[in-house]
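Reading the structure
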Protein chains: 2
Amino acid sequence: MISGRCAACKYLRRRCPSDCIFSLYFPPNDPQRFACVHRIYGASNVAKMLQQIPPPLRAEAAETLYFEARCRIEDPVYGCVGVISQLYEQLQSAESELAKTQAEIAVLNCNPQEAPIEANSNFNTLLAPFHSNFLV
Amino acid sequence: MISGRCAACKYLRRRCPSDCIFSLYFPPNDPQRFACVHRIYGASNVAKMLQQIPPPLRAEAAETLYFEARCRIEDPVYGCVGVISQLYEQLQSAESELAKTQAEIAVLNCNPQEAPIEANSNFNTLLAPFHSNFLV
């Protein structure tokens, strides 16, 4: 159990009711957490959003609201969408690199004569005794 | 210029002032756009966020706020963070697949004798005349 007022009720300078919608998700030892979501969504919108969610999922919702609020404070123009764009670019780049590498393997498998230099030089080393036999 | 009241002022049933903070980013032909951000952030928070951003960046900010609000309406528990998690998982999977494929290429380059069957059979075909010469 959390003793005293939760971070939200402390912030809002009000009594913390026994059925406070914030108390489980905004404990008094982390006042910054509530300050963030309050700054972006406002207390009443956060309360409304939490109330519309089944209780077992509210902790996750509070966590993601906090994450999004922090992103928006750090990047007021792009917020979370900035993170999405970065991840999307990284994914595009990894997928294109993967396609390139898979194509390279396909070429190596189908045309082993186009294999890399080390393979060719090993091949020549193996053939060398036969070449010399052939020449004599 | 946008004629008449913007979507925000229509929604809020108020006169649209000439210096309306919403009018450029919430045109009257897309009332849903303002309804979304209003539902998640509230009109005053959206206005405050836009006012804190230099004017040339406000359109981008309105767009990302709209995107995040839509995500939160569609997924009240995870919102945008759900999209981030999905992209992150896809990126992890692509990067792990890439690392595996790159390791496969490294093995093929360093140990061509471990190359696939077609390569070995071609190699044997090439060696065949020398083998027969050697035997006679």
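How each quantity is defined
Residues numbered from 1 in each chain as written. Chains lettered and ligands numbered in written order. Predicted model: local features only at pLDDT ≥ 70, side-chain atom pairs only at ≥ 80, totals over all residues. Heavy atoms only, no water. Helix = DSSP H or I, 4+ residues; strand = E, 2+ residues; numbered from the N terminus. Buried < 20%, exposed > 50% of the residue type's maximum accessible area, 1.4 Å probe, protein only. Contact = heavy atoms within 4.5 Å. Areas by Shrake-Rupley, 256 points an atom, 1.4 Å probe, with all protein chains shown as cover. Axes fitted to C-alpha atoms, helices over the stretch in contact; angles between N-to-C directions. Parallel < 35°, antiparallel > 145°, perpendicular 65-115°, else oblique. Nonpolar A, V, L, I, M, F, W, Y, C, P; charged D, E, K, R; others polar. Salt bridge = Lys/Arg side-chain N within 4 Å of Asp/Glu carboxyl O. Phe/Tyr/Trp six-rings, centres within 6.5 Å; stacked < 30°, edge-to-face > 60°. Disulfide = S-S within 2.5 Å. Core = buried A, V, L, I, M, F, W, Y, C linked by side-chain atoms within 4.5 Å. pLDDT = per-residue confidence, 0-100. Polar contact = N/O pair within 3.5 Å; in protein donor to acceptor, adjacent residues only side chain to side chain. Expected span 1.5 Å × (residues − 1).

Scanning chain A from N- to C-terminus turns up six helices and zero strands. Reading the helices (α) and strands (β) of chain A from amino to carboxyl end gives α-α-α-α-α-α. Expressed as a percentage of its 136 residues, the buried residues of chain A come to 40%. Counted over contacts in chain A with a minimum sequence separation of 6, partners at least 24 positions apart contribute 41%. On chain A, roughly 8,100 Å² of surface is accessible, and the fraction owed to carbon and sulfur atoms is 56%.

Where helix 4 (residues 55-74) of chain A contacts helix 5 (residues 80-110) of chain B, the two axes come as close as 9 Å, and the packing angle between them is 85°. Considered as vectors, helix 4 of chain A and helix 5 of chain B are oriented roughly perpendicular to each other. Every residue of helix 5 of chain B that contacts helix 4 of chain A at Thr 64, Phe 67 and Glu 68 of chain A is listed here: Cys 80, Val 81 and Ile 84 of chain B. Here the contact of helix 4 of chain A with helix 5 of chain B is built from residues that sort into four nonpolar, one polar and one charged.

With respect to the helices, strands and loops of the structure, Ala 94 of chain B is situated in helix 5. A C-alpha to C-alpha distance of 48 Å links Ala 94 of chain B and Arg 5 of chain B, two positions 89 residues apart in sequence.

The subject of this paragraph is the packing of helix 5 (residues 79-110) of chain A against helix 4 (residues 55-74) of chain B. Two numbers describe how helix 5 of chain A lies on helix 4 of chain B: the axes approach to 8 Å, and their chain directions differ by 85°. With respect to each other, helix 5 of chain A and helix 4 of chain B are oriented roughly perpendicular. In this structure, helix 5 of chain A contributes Gly 79, Cys 80, Val 81 and Ile 84 of chain A to the contact, and helix 4 of chain B contributes Thr 64, Phe 67 and Glu 68 of chain B. Of the residues assigned to the contact of helix 5 of chain A with helix 4 of chain B, the class counts are four nonpolar, two polar and one charged.

Evaluated as defined, the whole model comprises six salt bridges over all chains. For Glu 97 of chain A, the salt bridge is made with Lys 100 of chain A, and the minimal N-O distance between the two is 3.9 Å. Residue Glu 97 of chain A and its partner Lys 100 of chain A are located together in helix 5, separated by three residues, close to a single helical turn. The closest approach of N and O atoms between Arg 33 of chain B and Glu 63 of chain B, which form a salt bridge, is 2.9 Å. With Arg 33 of chain B in helix 2 (residues 31-40) and Glu 63 of chain B in helix 4, this residue pair connects regions lying 30 residues apart in the sequence.

Once that is clear, we can look at the packing of aromatic side chains. Throughout the structure, instances matching the rule amount to nine aromatic pairs over all chains. Pairing Tyr 11 of chain A with Phe 34 of chain A gives two aromatic rings, centres 5.6 Å apart and planes at 70°, and the pair type is edge-to-face. Residue Tyr 11 of chain A is found in helix 1 (residues 7-11), and its partner Phe 34 of chain A is found in helix 2 (residues 31-41); the two are separated by 23 residues along the sequence. Look at Phe 22 of chain B and Phe 26 of chain B: their rings are 6.1 Å apart centre to centre, the planes differ by 65°, and that puts the pair in the edge-to-face class.

Linking two cysteines covalently via their sulfur atoms produces the bond known as a disulfide. Applying the stated criterion across every chain, the model contains zero disulfides over all chains. Its sulfur unpaired, Cys 16 of chain A is 3.6 Å from the next cysteine sulfur, which belongs to Cys 9 of chain A. Take Cys 20 of chain B: it sits in no disulfide, and the sulfur closest to it among the cysteines is that of Cys 9 of chain B, at 3.8 Å.

Formed by 54 residues in total, the largest nonpolar core has its most connected members in Phe 22, Phe 26 and Tyr 41 of chain A together with Phe 22, Phe 26 and Tyr 41 of chain B. Elements represented by at least two residues in this core include exactly helix 1, helix 2, helix 3 (43-51) and helix 4 of chain A together with helix 1 (7-11), helix 2, helix 3 (43-51) and helix 4 of chain B. Excluding its chain neighbours within four sequence positions, the residues that come into contact with Phe 26 of chain B are Cys 6, Ala 7, Ala 8, Arg 33, Phe 34, Val 37, Val 46, Leu 50 and Ala 62 of chain B. Core analysis: the second largest hydrophobic core is formed by 12 residues, Cys 71 and Cys 80 of chain A together with Leu 87 and Leu 91 of chain B among them.

This part covers the confidence of the model for chain A. All names here are of chain A. Chain-level statistics for chain A give a pLDDT mean of 84 and a share of 79% at 70 or above. Within chain A, the lowest mean pLDDT, 36, falls on helix 6 (residues 117-135), and the highest, 98, falls on helix 4. Among the scores for the predicted complex, ipTM is 0.77 and pTM is 0.78.

Residue and element names in this part refer to chain A. Of the residues examined, Arg 33 reaches a relative accessible area of 10% and is grouped as buried. There is a polar contact of 2.9 Å between the side chain of Arg 33 and the backbone oxygen of Tyr 25. Discounting chain neighbours no more than four positions away, the residues touching Arg 33 are Tyr 25, Phe 26, Ala 62, Glu 63 and Tyr 66.

Let's shift gears to helix 4 of chain A. In a regular helix each residue adds 1.5 Å, so 20 residues correspond to 28 Å; helix 4 of chain A covers 29 Å between its end C-alpha atoms and thus fits that length. Among the residues of helix 4 of chain A, Arg 58, Ala 61, Ala 62, Thr 64, Leu 65, Tyr 66, Glu 68, Ala 69, Cys 71 and Arg 72 of chain A are the ones counted as buried. Here the buried face of helix 4 of chain A lies against helix 2, helix 3 and helix 5 of chain A together with helix 3, helix 4 and helix 5 of chain B.

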